[in-house]
Amino acid sequence: MNAPVTPTQHHLLQKSERQSQVVRALQAHLPSHALIWHDEDTTPYECDGLTAYRARPLVVALPETEAQVAAVLKTCHALGVPVVARGAGTGLSGGAMPDSMGVTLSLAKFNRIVKIDPVSRTAVVQCGVRNLAISEAAAPFNLYYAPDPSSQIACTIGGNVAENSGGVHCLKYGLTLHNVLRVRGFTCEGEAIEFGGEALDSPGLDLLALVVGSEGMLAVTTEVTVKLVPKPQLARCIMASFDELRKAGDAVASVIAAGIIPAGLEMMDKPMTAAVEGFVHAGYDLDAAAILLCESDGTPEEVEEEIGRMTTVLRRCGATAISVSANEDERLKFWSGRKNAFPASGRISPDYMCLDSTIPRKRLADILLAIQQMEIKYDLRCCNVFHAGDGNLHPLVLFDANDPDQLHRCELFGADILETSVAMGGTVSGEHGVGVEKLNSMCVQFSAAENEMMFGVKRAFDPAGLLNPGKVIPTLQRCAEYGKQVFRAGKTMPFADLPRF
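Residues numbered from 1 in each chain as written. Predicted model: local features only at pLDDT ≥ 70, side-chain atom pairs only at ≥ 80, totals over all residues. Heavy atoms only, no water.

Trainee: Would you mind going over the overall build of the chain with me for this structure?
Mentor: When you go through the chain residue by residue, the secondary structure sums to 17 helices and 18 strands. For the chain, the C-alpha radius of gyration of 23 Å lies close to 23 Å, the compact-globule estimate for 501 residues. Considered along the principal axes of its C-alpha atoms, the chain spans approximately 80 × 60 × 40 Å. Taken across its 501 residues, the chain has 53% of its residues classed as buried. By sequence separation, contacts in the chain at least 24 residues apart represent 72% of the contacts at least 6 residues apart. Between the centroid of the 44 positive side chains of the chain and the centroid of its 58 negative side chains there is a distance of 1 Å. (Helix = DSSP H or I, 4+ residues; strand = E, 2+ residues; numbered from the N terminus. Rg over C-alpha atoms; globule rule 2.2 N^0.38 Å. Buried < 20%, exposed > 50% of the residue type's maximum accessible area, 1.4 Å probe, protein only. Contact = heavy atoms within 4.5 Å. Lys, Arg positive; Asp, Glu negative; His and termini not counted. Charge placed at Lys NZ, Arg CZ, Asp CG, Glu CD.)

Have a look at this one:
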């Protein structure tokens, strides 16, 4: 007599049958080398830079042409199969984590720079082009692409569009949104769609601002037109040390209050400077409670004047030491530590979770001091590095994912940082996106009615809910359950306004 089929066996059987169906349907549109589905082949796609959460996709499609992208989307839509678009997989919020019953649409082969136009100062690039590659291609024309995430050596412009990425120079030059003119791609149904244009403005609603930062939930991007800016004649960087976090935080606010908009204004606390100094030997002050990196760029005259003004402000705010880069090599050395903060953290901990909340500049010291108390509360270390000029935090909570208890405490630590940021007048995400990481914290920042309005926008583009499902916008049920967990934990924070759920 045959043993009864268990629920797990039944699910695996259903998944296998579904996989076979999807593979057969996609084989009609893709060459054999552009379609993978065996476990050992799909494992590299099971997560993005947020490695704590993983899922194997049903199938991975690697189209090489826009016609193939459209065919994949049309096929999946007809079958009711979820689709998760993926670029380089450098995202830090789980935005590219696969759907276990869906197709991961890898756009890695869309890596061609279509055109550099030095006259209009624009570049037309495919979505899989690396961020840094745009500037390298524009360099012969003395131009570059300004947004520079720390992962710019690997991250793609399509992913930058999805997350509205920034970088160390976003304070002066803006985020991805401010540097993109046009986005071309496809809807979930496989229909071609275009947002923005190369003119100064486009008719109708400004949907370009809607799709940039939409985390792959509204459309699949295949081509982007970006702005290029002239390389400055000179750039110099100040490295300022402070013996107290509050002095460093106040200095950031004071620089902006003085009417100065630096090309970059970054901050690192003592644990982070210790981590990166041992990695890249950038010459950081290891005795400082925090250091600021303040960059000025422009003509030599502009830079000299701005460096002088910033130095005056920093000294007035209590800087214990100030160094100014004497040449380009030294400037790059100062920045090398900041740019390598994440890999440096990986050297001192098996895993880390990088958060991404944004707060008012005047509360920088408050949040850092609160995080120090959270380290004691959750018995985990945290290194802090962030875009101080616009209040975008990047706390890196260090933990070991092989220890379930540490992972759980890390999740609680991260949620505490995000929700404390909201309580201080900030938001749960600045440039990394919500993905799966910040879904619970979205329940804290937005009411049920506000989340439903966001779902309404998604339904307008994706009525079937097949593009990157289960990400970014929490459901009413999820928020209600999270509220119960908050109460069970005895959390008394005033922003846990559960009746609205």
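Trainee: Whenever I open this one, the side chain of Thr122 confuses me. Can you help?
Mentor: Along the chain, Thr122 turns up in strand S6 (residues 122-126). Among the polar contacts listed, one links the side chain of Thr122 to the side chain of Ser120, at a separation of 2.8 Å. In this structure, Thr122 is in contact with Lys115, Ile116, Asp117, Leu181, Thr225, Val226 and Leu228, ignoring residues within four places of it in sequence. (Polar contact = N/O pair within 3.5 Å; in protein donor to acceptor, adjacent residues only side chain to side chain.)

Trainee: For this particular structure, what's the right way to read the state of the cysteines?
Mentor: Linking two cysteines covalently through their sulfur atoms gives a disulfide. Within the structure shown, the criterion is met by one disulfide. Residue pairing for Cys443: its cysteine sulfur links by disulfide to Cys479, the two sulfurs lying 2.2 Å apart. Judged by the torsion about the S-S bond (-85°), the Cys443/Cys479 disulfide is left-handed. Here Cys443, found in helix H15 (residues 439-445), pairs with Cys479, found in helix H17 (residues 476-488); they are 36 residues apart in sequence, far enough to count as distant. On the basis of relative accessibility, which here comes to 0%, the residue Cys443 falls in the buried class. Take Cys479: its relative accessible area is 2%, and that puts it in the buried class. (Disulfide = S-S within 2.5 Å.)

Trainee: Got a minute to help me understand the confidence of the model for the chain in this structure?
Mentor: Interpreting fine coordinate detail is not advised for predicted regions of low pLDDT. Considering every residue of the chain, the mean pLDDT works out to 93; 96% of them sit at 70 or more. Contacts for the low-pLDDT stretch residues 492-501, under 50 throughout, to residues beyond four places or in other chains number 21 contacts. (pLDDT = per-residue confidence, 0-100.)

Trainee: Looking at this model, I keep getting lost on the sheet that holds strand S3 (residues 83-86). Mind explaining?
Mentor: Hydrogen bonding along the main chain pairs the strands of a sheet, whether they run parallel or antiparallel. What the four strands build is an open sheet, ordered S1-S2-S4-S3; its pairing is mixed. Strands with a single pairing partner mark the edges of an open sheet, and in this sheet they are strand S1 (35-36) and S3. Direction of pairing for strand S2 (residues 59-61) relative to strand S4 (residues 103-106): parallel, over a ladder of three bridges. What sits directly across from Val59, in S4, is Val103. Here helix H3 (residues 66-79) sits on the sheet and contacts S2, S3 and S4; the angle it forms with S4, its principal contact strand, is near 165°. (Pairing = 2+ DSSP bridges. Axes fitted to C-alpha atoms, helices over the stretch in contact; angles between N-to-C directions.)

Trainee: I would appreciate a short explanation of the environment of Ala258 in the present structure.
Mentor: By secondary structure assignment, the location of Ala258 is in the loop between helix H8 (245-257) and strand S13 (264-269). Residues Ala258 and Val313, spaced 55 residues apart in sequence, show a C-alpha to C-alpha distance of 8.0 Å. Each residue touching Ala258, except ones within four places of it in the same chain, is listed here: Arg309 and Val313.

Trainee: Is there a simple way to think about the packing of H8 against helix H13 (residues 364-378) in this case?
Mentor: Packed helix pairs are specified by the crossing angle of their axes together with the interaxial distance, meaning the distance between the axes. Following both chains from N to C, one finds H8 and H13 inclined at 150°, their axes separated by 8 Å at the closest point. Classified by the angle between their axes, H8 and H13 sit roughly antiparallel to one another. In this structure, the crossing between H8 and H13 has a hand that is right-handed. Across the interface between the two elements, Leu245, Arg246, Gly249 and Val252 of H8 pack against Leu364, Ala365, Asp366, Leu368, Leu369 and Gln372 of H13. (Parallel < 35°, antiparallel > 145°, perpendicular 65-115°, else oblique. Left-handed = near helix turned anticlockwise from the far one by under 90°.)

Trainee: Just to check I follow, could you spell out unusual backbone geometry for this structure?
Mentor: Apart from glycine, the bulk of residues carry a negative phi angle, and the bulk of peptide bonds sit in the trans form. Positive phi is not limited to glycine here, since Arg121 has a value of about 55°. Of note, Arg121 is situated in the loop between strand S5 (113-117) and S6. What makes Arg121 partly exposed here is its relative accessible area of 42%. Positive phi, normally seen in glycine, also occurs at Glu215, with a value near 55°.

Trainee: It is not clear to me how the pairing of strand S17 (residues 382-386) should be interpreted in this structure. Could you clarify?
Mentor: A regular strand places its side chains on the two faces of the sheet in alternate fashion. The buried fraction of S17 is high, at five of five residues. In this sheet, S17 lies alongside S13 in antiparallel orientation, the contact comprising two bridges. Bridge pairing in S17 places Met267 opposite Phe386. Pairing of S17 with strand S18 (residues 395-399) involves three bridges; the strand directions are antiparallel. Within S18, the position partnered with Cys382 by the bridge is Val397.

Trainee: Just checking my understanding: could you explain the nonpolar core for this structure?
Mentor: Within soluble globular proteins, side chains that are nonpolar tend to cluster in buried spots. Among the nonpolar cores identified, the biggest contains 56 residues, and Ile238, Phe242, Met267, Leu292, Leu314, Val397 and Phe413 are the most heavily contacted of them. If we ignore the near neighbours within four places in the chain, the residues touching Phe413 are Ile371, Met374, Glu375, Tyr378, Leu380, Cys382 and Val397. Judged by nonpolar contacts, the second largest core, of 26 residues, contains Ala34, Val59, Ala70 and Phe186. (Core = buried A, V, L, I, M, F, W, Y, C linked by side-chain atoms within 4.5 Å.)

Trainee: Any chance you could explain the packing of helix H9 (residues 270-280) against helix H12 (residues 341-348) here in plain terms?
Mentor: Put simply, H9 and H12 touch, their axes get as near as 8 Å, and they point 90° apart. Of the possible angle classes, the one that applies to H9 and H12 is roughly perpendicular. In contact with Met272, Ala275, Val276, Gly278 and Phe279 of H9, H12 contributes Ala341, Pro343, Ala344, Ser345, Arg347 and Ile348. Its residues assigned to classes, the contact of H9 with H12 shows eight nonpolar, two polar and one charged. (Nonpolar A, V, L, I, M, F, W, Y, C, P; charged D, E, K, R; others polar.)

Trainee: Quick question: what am I supposed to make of a nonpolar patch on the surface here?
Mentor: A cluster of nonpolar side chains, namely Leu205, Leu207, Leu210 and Val457, defines an oily patch on the protein surface of about 330 Å² accessible area. Summarising the element assignment, Val457 is placed in helix H16 (residues 448-461). For Val457, a relative accessible area of 32% puts it in the partly exposed group. (Patch = residues over 30% accessible without salt bridge, like charges linked within 9 Å, V, L, I, M, F, W, Y side chains within 5 Å. Areas by Shrake-Rupley, 256 points an atom, 1.4 Å probe, with all protein chains shown as cover. Salt bridge = Lys/Arg side-chain N within 4 Å of Asp/Glu carboxyl O.)

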